[in-house]
Amino acid sequence: MTLAPVEDLAVSGAPVSPRKAAKPPQDRSGYLFILPWFLGMAFTIIPFFASLYLAFTDYNLLNVPNWIGLENFAEMFSDDTWWQSVKVTFVYTFVSVPLSLAAALGVAMLLNRGVRGLPVYRAIFYLPSLLGGSVALVLLWRYIFGLNGIVNAFLGFFGVEKIGWTSDPDYALTTLIILHIWTFGSPMVIFLAGLKQIPAMYYEAAAIDGATKWQQFRKITLPLLSPIIFFNLIQSLISSFQTFTQGFIFSGGKGGPANSTMFYNLYLYKQGFEQFHMGYASAMAWMLLIIIAAFTGLNFLMAKRWVHYDN
Amino acid sequence: MTTDESYIERIGNSRRRRFTKHLLLCLASIVMLYPLLWLVSSSLKPTGIVFKDLSLWPAEWDLSNYAGGWTALQFPFDLYLVNSVVIVVLSILGNLLSCSLAAYAFARLNFRGRKLFFALTLGTMMLPGHVLLVPQYIVFAKLGWLNTYYPLIVPNFLATSAFYIFLMVQFIRSLPRELDEAARIDGAGTFRIFWSVILPLCKPAFATTAIFTFISTWNEFFSPLLYLTEQELYTVPLALRQFIDSEGQSQWGQMFAMSFVSLAPVIGFFIAGQKYLVKGIATTGLK
């Protein structure tokens, strides 16, 4: 349909028909290259629909799945533990994601311009985010924040009474939020790379015009960095909604004390693989998918107002 | 605009600012590193004084935690290490092979459905893994793959990690097409071009993929928890978890010692591959 640009024809010289020049030849061997991918995709798409089906059944791994309609979803809404797991996951996400992104951006800005020893600092701040989800680190956290741990000992210097960071339902989630914020290194590295792309002359020009640092931040840094802030926000939200190991290890697999660390996925695991309520677990998984999709969609909608792209 | 006085003042200001900046960064660094250093130092202290001695430098050195921790669980710790290494090495191999094949096709070859397939790949990046969990578990169970490493390894050979495909596609797109064309004129076929021209140039992307796969597989807790129930097959994170169950004051030191053993390879890889890691994570956010 589309004609090749005249120059192309002139350069190639050979009598190429416009149609052929516009469409490069098909390379069937591509299918051979994506053969493993194809199998993998089948292994994603089929379970995707299978779990949608199971969400409407009472499957328990032993019996044939029975279609029970929306019963799993109805049960969810009257299940206090389910609500608790939603609450835990929401509080965890909506407190720790903004704070860790703010820390990531703040430190990235400190590191951005001419700090001596940048690679060392960057390494120090990045390292915890690589280890944060590991069992060893969560175990360590349990002990650091234990009743006789170093955090209480440190606070003791200031006369603060011992806090049951791991045993008091009011504090257990806070402790895990602190762990999450501590792992701000990976968004920080992305921010740092983004900040490097903003030409220094923008700031110089703004400074000559008498803009304060805060104005420069508001009018130059934030808009130019907004696509990257957006990327980090979406990534952090999605992964935070899926937190599992932290809750599991922290509470010895129980989500306690008093369900205060019963993350959504931890409850899903317990329903599916401890109680073998596979249908209910599938319904829970779909509910989470809907929640994540809703928040991601909402973010994309709001992004139109604050995310600026060059082109 | 700049009298001498204000110039000097400005120099003084920027010095002071630089000083505050470093002070802030140093304080933050201490907060970041203290827990890790405390872990290492606690693993070297006699268990009785772990919580009484807050200093990072052990007054009394005691290596017995390592010896004790190594054999504290049902099997010696080297079994768990070997199990983890086997899974990690095969996962890296699988990811490199399958993702580079797919990435080359997506980046360079022209075939019907390519754009749709690539969009599908990116779509799976957003998909929470737990949606697929139950049916995949059922399939693996029906295949008789419970208590084997297949569920942990095979998906890596099927290019299921969209992130690595994306990384490699971006990388291959940045390579000049003239290279392919020159090879094609010299009579190389598509596979030959992939193998002899593209792959050798992909080393940085491969390094990033290998390091990321290493760290995420090494730390992975959920899938092994799901698929491995025999202790003999346990990976390092599952083994570490055992220390919670056998919790008692006497074993803290041993737990810290084995925790450090489990973190050491990640820290080692991190130090060796920092350049690739930083580049890899930065490009995913920017493009």
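Residues numbered from 1 in each chain as written. Chains lettered and ligands numbered in written order. Predicted model: local features only at pLDDT ≥ 70, side-chain atom pairs only at ≥ 80, totals over all residues. Heavy atoms only, no water.

(A) Structural detail: the overall build of chain A. What chain A contains, in helices and strands, is 16 helices and zero strands. Referenced to the eigenvectors of the C-alpha coordinate spread, the extents of chain A come out at roughly 80 × 65 × 35 Å. A fraction of 67% describes how many contacts in chain A between residues 6 or more apart in sequence connect residues 24 or more apart. A total of about 15,400 Å² of accessible surface is found on chain A, and carbon and sulfur atoms cover 65% of it. (Helix = DSSP H or I, 4+ residues; strand = E, 2+ residues; numbered from the N terminus. Contact = heavy atoms within 4.5 Å. Areas by Shrake-Rupley, 256 points an atom, 1.4 Å probe, with all protein chains shown as cover.)

(B) Seen up close, the overall build of chain B. A count of helices and strands for chain B gives 13 helices and zero strands. Written out in order from the N terminus, the α and β elements of chain B read α-α-α-α-α-α-α-α-α-α-α-α-α. In chain B, which comprises 287 residues, the proportion classed as buried is 53%. With an accessible surface of roughly 13,800 Å², chain B has 65% of that area assigned to carbon and sulfur atoms. (Buried < 20%, exposed > 50% of the residue type's maximum accessible area, 1.4 Å probe, protein only.)

(C) Seen up close, the UniProt feature "transmembrane region" (unreviewed entry) in chain B. The positions that UniProt labels "transmembrane region" (unreviewed entry) are, in the present scheme, residues 23–41, 80–104, 116–140, 152–172, 193–215 and 252–272 of chain B. Spanning residues 23–41 of chain B, this segment combines 100% helix with 0% strand, and its end C-alpha atoms are found 25 Å apart. (UniProt positions renumbered as here; feature names shortened; annotations may be inferred.)

(D) Fine view of the packing of helix α6 (residues 80–112) of chain A against helix α13 (residues 213–241) of chain A. Residue and element names in this part refer to chain A. The N-to-C vectors of α6 and α13 enclose an angle of 140 degrees; their axes lie 10 Å apart at closest approach. Judged by the inter-axis angle, α6 sits oblique to α13. Once α6 is placed against α13, the crossing between them reads as right-handed. In this structure, α6 uses T89, F90, Y92, T93, F94, V97, L101, L105 and M109 to contact α13, whose residues at the interface are F217, T221, L225, N232, L233, S236, L237, S240 and F241. (Axes fitted to C-alpha atoms, helices over the stretch in contact; angles between N-to-C directions. Parallel < 35°, antiparallel > 145°, perpendicular 65-115°, else oblique. Left-handed = near helix turned anticlockwise from the far one by under 90°.)

(E) Up close: the side chain of T208 of chain B. Residue and element names in this part refer to chain B. With respect to the helices, strands and loops of the structure, T208 is situated in helix α10 (residues 203–219). Taking relative accessible area as the criterion, T208 reaches 5% and is therefore assigned buried. If near-sequence neighbours (up to four positions away) are discounted, T208 is found in contact with L167, Y276 and G280.

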